[in-house]
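These are the residues of each chain, in order.
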Amino acid sequence: MKPHTSLHTVELQTVSYVSGPIIFVDQALGIHSGEVVEVVSPDEGVRRGQVLEVNRERAVVEIYSGTRGLDIASTRVRLSGDTARFPVGTGLLGRILDGNGDPADQGPPVMPEAFWDVNGLAINPAVRRYPSEYIETGVSAIDALNTLVRGQKLPIFSGFGLPANELAARITTDARVVGHEEEAFVVVFAAMGITHREASFFRRHLEESGRLNRTVLFLNLADDPTIERLLTPRLALTTAEYLAFERGYHVLVILTDMTHYCEALREVATAREEVPGRRGYPGYMYTDLATIYERAGRIHDHPGSITQLIIVSMPDDDITHPIPDLSGYITEGASGRHHRRGQSLRNRPAPSGVRRRVRAAVRPPGSGPVDCGGSGPGLGPVWHVPGR
Amino acid sequence: MTTVNTGKLVRIAGPVVVAEGLTGARLYNVVRVGTNRLIGEVIRLEGPEAVIQVYEDSSGLQVGSPVEDTGGPLTVDLGPGLLGNIFDGVQRPLPALAAGPDGREVDPFLRRGVELPPLNPGREWDLTFVVGVGELVEPGDVLATTQETEAIEHRMMVPAERNGTVTRLGASPATAADPVAWIDGQPVPMTTTWPVRTGRPVARLLDPDVPLITGQRVVDTLFPVARGGSATIPGGFGTGKTVHEQTLAKWCDADIIVYVGCGERGNELAEVLEEFPNLTDPRTGARLMERTILIANTSNMPVAAREASIYTGITIGEYYRDQGYDVAVMADSTSRWGEALREVSSRLEEMPSEEGYPAYLPSRLAEFYERAGLVESLGRTPRRGSVTVVGAVSPPGGDFSEPVTQYSLRLAGTFWSLESDLARRRHFPAIHWTRSYTLYQLDDWFDGRVADDWADQRHWASRLLGEVEQLQQIVQLLGVDVLAPAERITFQTGRIIREDFLQQSAFDQVDAFCSLTKQYWMLRVIRYLHEQLLGCLHEDTDVDELIGLPIYDLVARMKSWSGTEAEDQAKALLEAIDAELSAA
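Residues numbered from 1 in each chain as written. Chains lettered and ligands numbered in written order. Predicted model: local features only at pLDDT ≥ 70, side-chain atom pairs only at ≥ 80, totals over all residues. Heavy atoms only, no water.

Draft legend 1. Quick look at the overall build of chain A. Secondary structure summary: chain A contains eight helices and 22 strands in total. Relative to its 388 residues, chain A shows a buried fraction of 59%. Taking contacts inside chain A between residues at least 6 apart in sequence as the whole, the part at least 24 apart equals 73%. Accessible area of chain A: about 14,300 Å², with a carbon and sulfur share of 51%. (Helix = DSSP H or I, 4+ residues; strand = E, 2+ residues; numbered from the N terminus. Buried < 20%, exposed > 50% of the residue type's maximum accessible area, 1.4 Å probe, protein only. Contact = heavy atoms within 4.5 Å. Areas by Shrake-Rupley, 256 points an atom, 1.4 Å probe, with all protein chains shown as cover.)

In structure tokens form, the structure reads like this:
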């Protein structure tokens, strides 16, 4: 990720506090809230950070790649004058990037077609199109019971040791929209805090399936800087928005694992000495997660769509834990994977909810309302799912 | 609004910023922040510094950015053109924001600092004048009317604190900015404004004694809410809060629906927007969207505007109430609103109380819920109108002991308890039959309007469901065989009430709305069958045979009766019960 180069840059050498992912920069009068800065460490290494808070005396800056090796005397902070922007383009397809958005596949730099704000903008609710086109994932428990539709955000609540990533990988390569096979369908994959083993599994899986050239991979590994994870899903979604709403692709975004993202969020909140909410997670976690999940959707008069598949590990299989709980409130539908009596895996439909978009998705056009038989969003219309 | 004073920013922390130099700014004045002129509101004054919550994303601001005081509190524009429209939390019209100057859709994203009048300034309205020149008028009197939509006549009233003689009438047709009339030489514009945090004045509050009919059996029969009352629906995710709120918005017999989507999913609002324009109001035959006003602040829109959205919604509701309409304000969800309070409070570094919520959470919730009411409006010829508040609550982890649920329970008169256990068993609406309650005494109304034994039947049903709950515990421990024959029948009737009466499909064309007559006759059939079965019992009766009677299949089909023929169908079924039992 390269910030804009401008004719003059402001450099400050007024760091007064370094702790965890946070530094304070004194007398930072020209600094903007939310601005991206470059921090030059004593050994001339450059790291990126973002301004969280500014006041008359100082600015609070979070450093994505950690603060190890920074000092107070000689660390310099270079201002960019702009909020974080990511160089997006169709050239990203087929590329593997790190959690910061820099190429991680020995390939050449990506030719940017535009620089888009990584935080995105909220879609005007008045122009959203209601999701109704069925995506066949090839996983019967999802297709039959928790149908995925274009523009939806479907969470998969998993437990540690369960093959949620295998499921995600399978969906990445097998998913298709019935009757629209020829349409441009791409996958943006954002991995946060996954292990080398998992990352190489994904890479190999995509290479073997021949889908790699229709995929953008963002990989933040478990031993990469934690705070970088706050950026990774936003880079992935900015890329997805560009591909979907500017280039007309149907984009499936896979976010794994949001639990690691939330832990990074908590780490920053704790370093800032904020009042903690439930289990130490910050009180604004709902809003923060919403700014990620709500970037799924379809827009009237725009051909593309963004569909999200979100993997959330439930600590101790507890669905009332703040991370799955808040994710469940924002996302649409739920698919549960459960430990049960030594069996390694069960994709158990029982605790999963079908949100109502299933109805619209499986209804043949012009056939009028479907008689659901039972009450509420029941399982009635499942049999109308068009077969392969 | 003219600019009163200008200051400079000294601190920016997310949605909360601090400015100095805003001398004379009052608490809750609206300010414009930065060069983008973002909308903000003063929420604390500390010596020379004013703490401001910003209704838009604050990134890009810097220390020293200008802040302008507009000199007034946050207001909404009230006038014809509200119905059928969609606004954000601070009443910016969302369809107009998306459309370019030529009306074509150009920008699907919400940009910052955009300013548009809430009501279309170019639209002309045909006025019918109700008063004449020389007439003495007081606040609340209707000056003129216009047909806002097919079913709703918009009544333009004399604003509060204006009275005198009508000296001149306005022209017709007129636009939003044109005067309707002149009182003592001063013009009264068609569009008036009102501060959102202040309730609109009324002549007097009445005791709510008329139910809001929703067509939902579990609501109307067991836990009705009064017009001018308030209800709360807590439930974990996936229990159907939003479906329930939308079902009420579709079917309830209020004249106007204000639907506040507060911190919820964008796709849900898209669903309302795609569905409502295609549905017709069962009572007026007009399009459902024409009686609906949407306030949309999805979860990714700025958090401070989420806090304001609820007040914006209820103020618009009160405006139509004062015109003499029954209004239902649906807030989905008040938890997100509470979280917005919490988020702003923690940025203010206030001392947190329960679960990090600020200590003023209960008083703020009360300020919202207590704006519900059945009222007699101001004016020489008072009109009766009401605002009914239905607030959804999303308790974290589905735990009802959390503060927002608890304080809502204290304030709301009706409690619909959504249970994830029922939702999991596909019992919808997942409103629990013994844990929910209503505090409104509406039996007299039902007895007078539907059938004189409505209340009696209702109490029978809730008593029986309570008994079944106790039997359930025994059955779980020991099995159904230990029950006495009469208890077996009670147990069976409990199941019939749950499955064939309380369960109702929101997506079935016939079953989605159930008239009061149909509700009455359905329950009457179930009660009759129950009592006849009990009457059949003697020592050597085979209970298994009784509860396996084929008549139950007919009872299970009661849901598909159409509203008009329910009474005839029920009477036929009562005869069939007699016939089958005498044969058995």
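What follows continues from the structure just given.
Draft legend 2. Broad picture of the overall build of chain B. Counting secondary structure elements, chain B contains 16 helices and 25 strands. For 584 residues, the compact-globule estimate of 2.2 N^0.38 gives 25 Å, and the C-alpha radius of gyration of chain B, at 27 Å, lies within 12% of that figure. Viewed in the frame of its principal axes, chain B has a C-alpha envelope of about 90 × 55 × 45 Å. Per-residue burial for chain B yields a buried fraction of 61% across its 584 residues. For chain B, long-range pairs separated by at least 24 residues make up 70% of all intrachain contacts whose partners lie at least 6 apart in sequence. Within the structure as shown, chain B displays about 21,700 Å² of accessible surface, and the carbon and sulfur contribution to it stands at 49%. (Rg over C-alpha atoms; globule rule 2.2 N^0.38 Å.)

Draft legend 3. Layout of the sheet that holds strand E10 (residues 136-137) of chain B. Residue and element names in this part refer to chain B. Pairing in this open sheet of four strands is antiparallel, and the strands run E10-E13-E14-E15 from one edge to the other. What marks the edges here is a single partner per strand, and that holds for E10 and strand E15 (186-189). Here four bridges tie strand E14 (residues 179-183) to E15, and the two strands are oriented antiparallel to one another. From the neighbouring strand, Pro-179 faces E15, where its bridge partner is Pro-189. (Pairing = 2+ DSSP bridges.)

Draft legend 4. Inspection of the confidence of the model for chain B at higher detail. Considering every residue of chain B, the mean pLDDT works out to 91; 98% of them sit at 70 or more. Two summary scores accompany this predicted model of the complex, namely pTM at 0.88 and ipTM at 0.84. (pLDDT = per-residue confidence, 0-100.)

Draft legend 5. Local environment of unusual backbone geometry. Residue Thr256(A) is joined to Asp257(A) through a cis peptide bond whose omega torsion reads 5°. In this structure, Asp257(A) sits in the loop between strand E18 (250-256) and helix H5 (258-271). For the peptide bond that leads from Phe428(B) to Pro429(B), omega is -10°, which places it in the cis range. Although it is not a glycine, Gln106(A) sits at a positive phi angle of roughly 60°. If you trace the backbone, Gln106(A) turns up in the loop between strand E9 (96-98) and strand E10 (114-117). Although it is not a glycine, Gln91(B) sits at a positive phi angle of roughly 60°.

Draft legend 6. Up close: the pairing of strand E6 (residues 58-63) of chain A. All names here are of chain A. Of all six residues that make up E6, five are buried, and the element is covered over most of its length. Inspection of the sheet shows strand E3 (residues 22-26) paired to E6 by five bridges, in the antiparallel sense. Counterpart to Phe-24 in the pairing with E6 is Val-60. Between the antiparallel neighbours strand E5 (residues 46-55) and E6 lie two residues.

Draft legend 7. Just the interface of chain A and chain B, in detail. On the chain B side, the residues contacting the 68 residues of chain A number 71 residues. Interface of chain A and chain B: buried area, both sides summed, is about 5,900 Å²; carbon and sulfur atoms make up 54% of it. Linking chain A to chain B there are three salt bridges. Salt-bridge contacts for Glu53(A) lead to Arg11(B); the nearest nitrogen and oxygen are separated by 2.8 Å. Taken together, the connections running from chain A to chain B amount to 25 residue pairs in polar contact (both at pLDDT 80 or more). Looking at the side of chain A that touches chain B element by element, the count peaks at five residues for helix H7 (residues 322-330) of chain A. Partitioned by chemical class, the residues of the side of chain A that touches chain B number 31 nonpolar, 21 polar and 16 charged. With three bridges joining them, E5(A) and strand E1 (residues 5-13) of chain B adopt antiparallel strand pairing. Among the inter-strand pairings, Asn55(A) is bridged to a residue of E1(B), identified as Arg11(B). (Buried area = accessible area lost by both parts, 1.4 Å probe. Salt bridge = Lys/Arg side-chain N within 4 Å of Asp/Glu carboxyl O. Polar contact = N/O pair within 3.5 Å; in protein donor to acceptor, adjacent residues only side chain to side chain. Nonpolar A, V, L, I, M, F, W, Y, C, P; charged D, E, K, R; others polar.)

Draft legend 8. Structural view of the packing of aromatic side chains. All names here are of chain B. For the structure on display, the rule yields 15 aromatic pairs over all chains. With a centroid separation of 6.2 Å and an interplanar angle of 70°, the aromatic rings of Tyr-311 and Trp-337 are classed as edge-to-face. Of this pair, Tyr-311 sits in helix H5 (residues 303-322) while Trp-337 sits in helix H6 (residues 334-347), placing them 26 residues apart in sequence. Each member of the pair, Tyr-311 as well as Trp-337, is classed as buried. Relative to Tyr-320, the ring of Tyr-319 has its centre 5.6 Å away and its plane inclined at 75°; by these criteria the two rings are edge-to-face. The residues Tyr-319 and Tyr-320 share a single accessibility class, namely buried. Here the guanidinium or amino end of Arg-123 rests over the ring plane of Trp-125, the centre of that ring lying 3.9 Å away. The residue whose ring lies beneath Arg-342 is Tyr-357, and the NZ or CZ to ring-centre distance is 4.5 Å. (Phe/Tyr/Trp six-rings, centres within 6.5 Å; stacked < 30°, edge-to-face > 60°. Lys NZ or Arg CZ within 6 Å of the ring centre and 35° of its normal.)

Draft legend 9. Inspection of the domain arrangement of chain B at higher detail. All names here are of chain B. Under the domain assignment used here, chain B contains domain 1 (5-73), domain 2 (120-190), domain 3 (204-440) and domain 4 (454-583). Domain 2 and domain 3 are separated by 31 Å when their C-alpha centres are compared. Taken together, the contacts link 18 residues of domain 2 with 16 residues of domain 3. A combined buried area of about 1,400 Å² lies between domain 2 and domain 3, and 49% of that area is made up of carbon and sulfur atoms. Viewed at the interface, domain 3 and domain 2 are joined by two salt bridges. For Asp-141, the salt bridge goes to Arg-380, with nearest N and O atoms at 2.7 Å. For the interface between domain 2 and domain 3, the tally reads nine residue pairs in polar contact (both at pLDDT 80 or more). Among the secondary structure elements, those contributing two or more residues to the side of domain 2 that touches domain 3 are E10 and strand E12 (153-157). Looking at the side of domain 2 that touches domain 3, the element that brings in the most residues is E12, giving four residues. Among the residues forming the side of domain 2 that touches domain 3, the class breakdown is eight nonpolar, three polar and seven charged. (Domains from an automatic or database assignment.)

Draft legend 10. Geometry of the packing of H5(B) against helix H7 (residues 361-369) of chain B. All names here are of chain B. It is the contact of H5 with H7, at a shortest axis distance of 10 Å, that shows an interaxial angle of 25°. Put simply, H5 runs roughly parallel to H7. Residue-level contacts link Glu-307, Ile-310, Tyr-311 and Ile-314 of H5 to Arg-364, Glu-367 and Phe-368 of H7. Residue classes in the contact of H5 with H7 are distributed as four nonpolar, no polar and three charged. (Axes fitted to C-alpha atoms, helices over the stretch in contact; angles between N-to-C directions. Parallel < 35°, antiparallel > 145°, perpendicular 65-115°, else oblique.)

Draft legend 11. Local environment of the packing of helix H12 (residues 485-502) of chain B against helix H13 (residues 516-536) of chain B. All names here are of chain B. Running from N to C, H12 and H13 point in directions that differ by 165°, and their axes come no closer than 10 Å. Relative to H13, the element H12 is oriented roughly antiparallel. Between H12 and H13 the crossing geometry is right-handed. Between H12 and H13, the contacting residues are Ala-486, Ile-489, Thr-490, Thr-493, Ile-496, Ile-497, Asp-500 and Phe-501 on the first element and Gln-519, Met-522, Leu-523, Ile-526, His-530, Leu-533 and Leu-534 on the second. Tallied by class, residues from the contact of H12 with H13 come to ten nonpolar, four polar and one charged. (Left-handed = near helix turned anticlockwise from the far one by under 90°.)

Draft legend 12. Summary view of the environment of His427(B). All names here are of chain B. Here His-427 is to be found in the loop between helix H9 (420-424) and strand E25 (437-438). Among the residues examined, His-427 registers a relative accessible area of 4% and is labelled buried. It is 27 Å that separates the C-alpha atoms of His-427 and Gly-263, two residues lying 164 residues apart in sequence. When residues no more than four places from it in sequence are discounted, the contact partners of His-427 are Leu-422, Trp-433, Arg-498, Leu-502 and Gln-503.

Draft legend 13. Up close: the sheet that holds E12(B). Residues and elements named next belong to chain B. The three strands are arranged E9-E11-E12 in an open sheet whose pairing can be described as antiparallel. Looking at which strands have only one partner, the edges of the open sheet turn out to be strand E9 (128-129) and E12. Inspection of the sheet shows E9 paired to strand E11 (residues 142-147) by two bridges, in the antiparallel sense. Note that in E11 the partner of Thr-128 across the bridge is Thr-145.

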